[in-house]
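# Examination of the molecular architecture
Residues per chain are reported as follows:
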Amino acid sequence: MNLIVFVPIGATIALLFAAFLALNVLKTDEGSLEMKKIANNIRKGANAYLIRQYKGVSIFFIGMFIILFALSQLGFLSIFVPFAFITGGLFSGLSGFLGMKMATNSNARTANAAKKSLNGGLRIAFSSGAVMGLVVVGLGLLDLSVWYYILDWYYRALPEAEKIAQITSAMLTFGMGASSMALFARVGGGIFTKAADVGADLVGKVEIGIPEDDPRNPAVIADNVGDNVGDVAGLGADLYESYVGSIVSSCALAVAAGLGMEGVTIPLVVATVGVLASIIGTFLVRAKEDATQKVLLGALRKGVYTAAIIIAIVSYFIVNYVLGKGHIGIYFSILSGLIAGILIGYFTEYFTSDNYKPTRELAESTKTGSATTIISGMSLGMLSTAVPVIIVSISLILSFIISGGYSNFNLGLYGIGISAVGMLSTLGITLATDAYGPVADNAGGIAEMANEDPEVRKRTDALDALGNTTAATGKGFAIGSAALTALAFIAAYKDSVENIVKTKGIDFTFNLSILNPQVLIGLFIGGMITFVFAALTISSVGKAAAKIVVEVRRQFKEIPGLIDGTKEPDYASCVDICTKYSQKELIPIALIAIITPILVGLLLGPNGIAGLLAGATVVGFVLAIMMANSGGAWDNAKKYIEAGNLGGKGSEAHKAAVVGDTVGDPFKDTTGPSLDILIKLMSMVSIVFASFILAFAIL
């Protein structure tokens, strides 16, 4: 029985259920006229940003299509590659766009539902996040299904083994389009959201002394828009790329492992089971009124853990049916990735939630000023890298050994690839717990700006605080899965080069010894490029935030009655500044990921690229964790003080915490999440341009 037929069925079910959830949310009341007005301003700002971003990105995609098409005509690439590149980018961008549209239509509805009950607000915000999660996995599986059946038909005349090799090779390359779109969405959205956030906080909170989300702050709408374009649209495109990348890399490694069509079937069907398990998990997310942070977190965990248990059980029968008991180690590789993903999420929560010691100690450091707050936050982030690295390392070696890596090296690599699929198989619901956060954050802002009853803000703050924790765990999950996927991509790159060498009769043999100067230089460049990328993204946030600070100060100075609340600020100018500067800074940053592997390949050859990818993966993985966790802990330390601890709002400790949170903003929402895309995109570029580099490399 051909189980792949269930993949498009699973994709359809995911998209239909997402539509069902969306319609249910849109049926609910958006609230008062003031709430509707604020929500509409946020929607307009988010739409304006994405329209401008997509115009710029479309120029890049047209240019890349022309380059890839020319290379295909010269015989360096398959004719399918330029078209696969476009569809990968299109579906990645569509995932983020649909998630953003849902989020901007759910924020006021969440605030309005929170008037009645905490559970009402939770259900709407979570349903909005679930739409995002299911759209990402649904479109991902749909894209894979369409390409699989097109290529299966096109190569129908080839022998089975050769046909599968051609299919997986072509499918692997459309990840470059998804990665490119993800980088634009994540970096551009990250610059926008943090420029607005930092600018609003520095003038509003620190200088003027007004509360967060105060309607008098000219940057407050831009801040709320940023939550959607960065943490929803950018997040959706990012995880779409991780999800599809893990599946296609596993499919490609199945061929090298000698598993044929059966090996290709496993990741596709396990991902499909994950869709159904995620849908079941969404029904279990409920909370009682006046629930504590711990209870709210438990409600979300119940859905995620249930989905994971379903996948763990069903995957055994899938592997046993498709590959037989002789390859049951593949099942334990899936289990290894699944457990690793859950553990990374748990320990990320430990280091970033104010329910635990590390963040509370960070909050204590605010009593002695901003400098100690920043020092303590940096230290926390650095220390937090140890556990995820150990978890991923254990998962890697276990996946390699139990899948049969010592007897068949390529089979071990397949085990590593399939463990990444296991980790991402719960994405439908894991992403829902992450994307829910910006909706809850927006809901709190709308409640504040619309002068709703303080009880409403109290409920939305409870949901927002939970969202900070789930967002931090979601970033840890995304970064951890990126490490596994990137390693699978490196293996796929090596196989791709060896296939080209064999097919075209090129005289080349890999020498990946650490003592090979080409590899060693590649390692150094790979480590360095992650820091250059991080520096440029943080600098871009700083430049854009400086423009917002100047604009907000100008409005408070030049608009009489603004500070008294008798005049309305010019929100649109801040949205326009963030939009303009995020796009201006974006292109050179994105080009680094495209150009670096090509230049290194031409100068150092395939050995140098292997070193580059290894160096970028190791350093990028650790740096991303450090930045995401430092930023998340600073944010939650501030929230802990605002809840009435250590002097509460307006205290010296609170002022220091705001500074720490401001430093952490680009760490956790711009640079950290973008690094995982950087390491995967460079791998994809290396695979796509492998034939070109083999032909023209100097060394």
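Residues numbered from 1 in each chain as written. Predicted model: local features only at pLDDT ≥ 70, side-chain atom pairs only at ≥ 80, totals over all residues. Heavy atoms only, no water.

The test is simple: UniProt positions are given in the numbering used here, feature names are shortened, and annotations may be inferred rather than shown by experiment.
The name that an unreviewed UniProt entry assigns to the protein chain is Putative K(+)-stimulated pyrophosphate-energized sodium pump, with the source organism given as Clostridium tarantellae. Checking UniProt for the protein chain, the heading Function (unreviewed entry) contains the comment "Sodium pump that utilizes the energy of pyrophosphate hydrolysis as the driving force for Na(+) movement across the membrane." The Subunit (unreviewed entry) comment attached to the protein chain in UniProt states, word for word, "Homodimer."

### Quick word on the UniProt feature "site: Determinant of potassium dependence" (unreviewed entry) in the protein chain
Inclusion rule: Helix and strand labels come from DSSP, where a helix needs a run of H or I of at least four residues and a strand needs a run of E of at least two; each type is numbered from the N terminus. Buried residues are those whose accessible area, probed at 1.4 Å on protein chains only, stays under 20% of the maximum for their type, while exposed residues exceed 50% and partly exposed ones sit between those limits.
The UniProt feature table records "site: Determinant of potassium dependence" (unreviewed entry) at A471. In this structure, A471 sits in helix α17 (residues 454-504). Exposure remark for A471: the relative accessible area of 15% places this residue in the buried category.

### With respect to the nonpolar core
Where we set the bar: Only buried residues count toward a nonpolar core. Its members are Ala, Val, Leu, Ile, Met, Phe, Trp, Tyr and Cys residues joined through side-chain atoms within 4.5 Å. In this analysis, two residues are considered to be in contact whenever any of their non-hydrogen atoms come within 4.5 Å of each other.
Formed by 230 residues in total, the largest nonpolar core has its most connected members in I266 and F689. Element by element, the count of residues in this core is highest for helix α19 (residues 571-642), at 30 residues. Once residues lying within four places of it in the same chain are set aside, the contact partners of I266 are I318, V319, V322, L323, I334, Y414 and I418.

### Here's the deal with the packing of aromatic side chains
Selection rule: Side-chain rings of Phe, Tyr and Trp, where Trp is taken by its six-membered ring, are said to pair if the distance between their centres is within 6.5 Å; with planes under 30 degrees apart they count as stacked, over 60 as edge-to-face, and otherwise as tilted.
Throughout the structure, instances matching the rule amount to 28 aromatic pairs. Look at F80 and W147: their rings are 6.1 Å apart centre to centre, the planes differ by 85 degrees, and that puts the pair in the edge-to-face class. Pair noted here: F80 is in helix α3 (residues 80-104) and W147 is in helix α5 (residues 118-154), with a separation of 67 residues, a long-range link. Of the two residues, F80 and W147, neither departs from the other in class, the shared state being buried. Their ring planes at 65 degrees and their centres at 5.5 Å tell us that F400 and F409 sit as a pair that is edge-to-face. Of the residues examined, F400 reaches a relative accessible area of 11% and is grouped as buried. Using a relative accessible area of 51% as the deciding quantity, one classes F409 as exposed. Through a chain of ring-to-ring contacts, three or more aromatic side chains come together here, namely F60, F61, F85 and F184.

### Focus on helix α1 (residues 6-26)
Basically, it comes down to this: Under the convention used throughout, the expected extent of a helix is 1.5 Å for every residue step, that is, one less than its residue count. Arc, as used here, means the arc of the directions from the helix axis to the C-beta atoms.
With 21 residues, α1 should reach 30 Å at 1.5 Å per residue; the first-to-last C-alpha distance of 30 Å fits that figure. Taken together, the buried positions of α1 are V7, G10, A11, A14, F17, A18, L21, A22 and V25. Buried residues in α1, looked at end-on, bunch into an arc of 140 degrees, giving them a common side. Facing away from the buried surface of α1 by more than 90 degrees, the exposed residues are L16 and L23. On its buried face, α1 is in contact with α3, α4 (107-113), α5 and α9 (260-282).

### What to know about a positive patch on the surface
Note the threshold: Without a salt bridge and with relative accessible area above 30%, a residue can belong to a patch; like charges are then joined within 9 Å and nonpolar side chains (Val, Leu, Ile, Met, Phe, Trp, Tyr) within 5 Å. What sets the accessible areas is the Shrake-Rupley method with a 1.4 Å probe; for residues, cover comes only from the shown protein chains. The term salt bridge refers to a pairing of a side-chain nitrogen on Lys or Arg with a carboxyl oxygen on Asp or Glu at a separation within 4 Å. By the counting scheme adopted, Arg and Lys are positive, Glu and Asp are negative, and His together with the chain ends is not counted. Where a charge sits is defined by one atom per residue type, namely NZ (Lys), CZ (Arg), CG (Asp) or CD (Glu).
Residues K543, K547, K580 and K584 make up a contiguous surface patch of positive charge. Among the elements of the structure, α18 (517-558) and α19 are those that each provide at least two residues to the positive patch. Within the secondary structure layout, K580 lies in helix α19. The exposure class assigned to K580 is partly exposed, which follows from its relative accessible area of 44%.

### Observations concerning helix α12 (residues 357-365)
Taken as a whole, α12 has its buried residues at P358, T359, L362, A363 and S365. In an axial view of α12, the angular spread of the buried residues amounts to 155 degrees, which keeps them on one side of the axis. In this structure, the buried side of α12 is in contact with α11 (329-352), α13 (370-383) and α19.

### What to know about the packing of helix α6 (residues 160-173) against helix α8 (residues 220-256)
Operational definition: Lines fitted to C-alpha atoms define the axes, with helix axes restricted to the stretch in contact, and inter-axis angles between N-to-C directions lie between 0 and 180 degrees. Convention used here: angles under 35 degrees read as roughly parallel, angles over 145 as roughly antiparallel, angles from 65 to 115 as roughly perpendicular, and any remaining angle as oblique. Working rule for handedness: look at the near helix, and if it is turned counterclockwise from the far one by less than a right angle, call the crossing left-handed; if clockwise, right-handed. Three residue categories are used. Nonpolar comprises Ala, Val, Leu, Ile, Met, Phe, Trp, Tyr, Cys and Pro, charged comprises Asp, Glu, Lys and Arg, and polar comprises the others, including Gly.
Two numbers describe how α6 lies on α8: the axes approach to 9 Å, and their chain directions differ by 150 degrees. As the angle between them shows, α6 and α8 are arranged roughly antiparallel. Crossing of α6 against α8: the hand is left-handed. Where α6 approaches α8, its residues I164, A165, T168, M171 and L172 are matched on the opposing element by V248, S249, C251, A252 and V255. Taken together, the residues of the contact of α6 with α8 sort by class into eight nonpolar, two polar and no charged.

### Some thoughts on the pattern of salt bridges
Considering all chains together, one arrives at 30 salt bridges under this definition. Where K357 meets E361, a salt bridge forms, and the shortest distance between an N and an O atom there is 3.7 Å. Highlighted residues: K357 and E361, both in helix α12, separated by four residues, approximately one helical turn. The salt bridge partner of E498 is K494, with a shortest N-O separation of 2.8 Å. Here K494 and E498 lie together in helix α17, a separation of four residues that amounts to about one turn. Within this structure, K194, D197, D635, K638, K639, D661, D665, K668 and D669 form a network of salt bridges that share partners.

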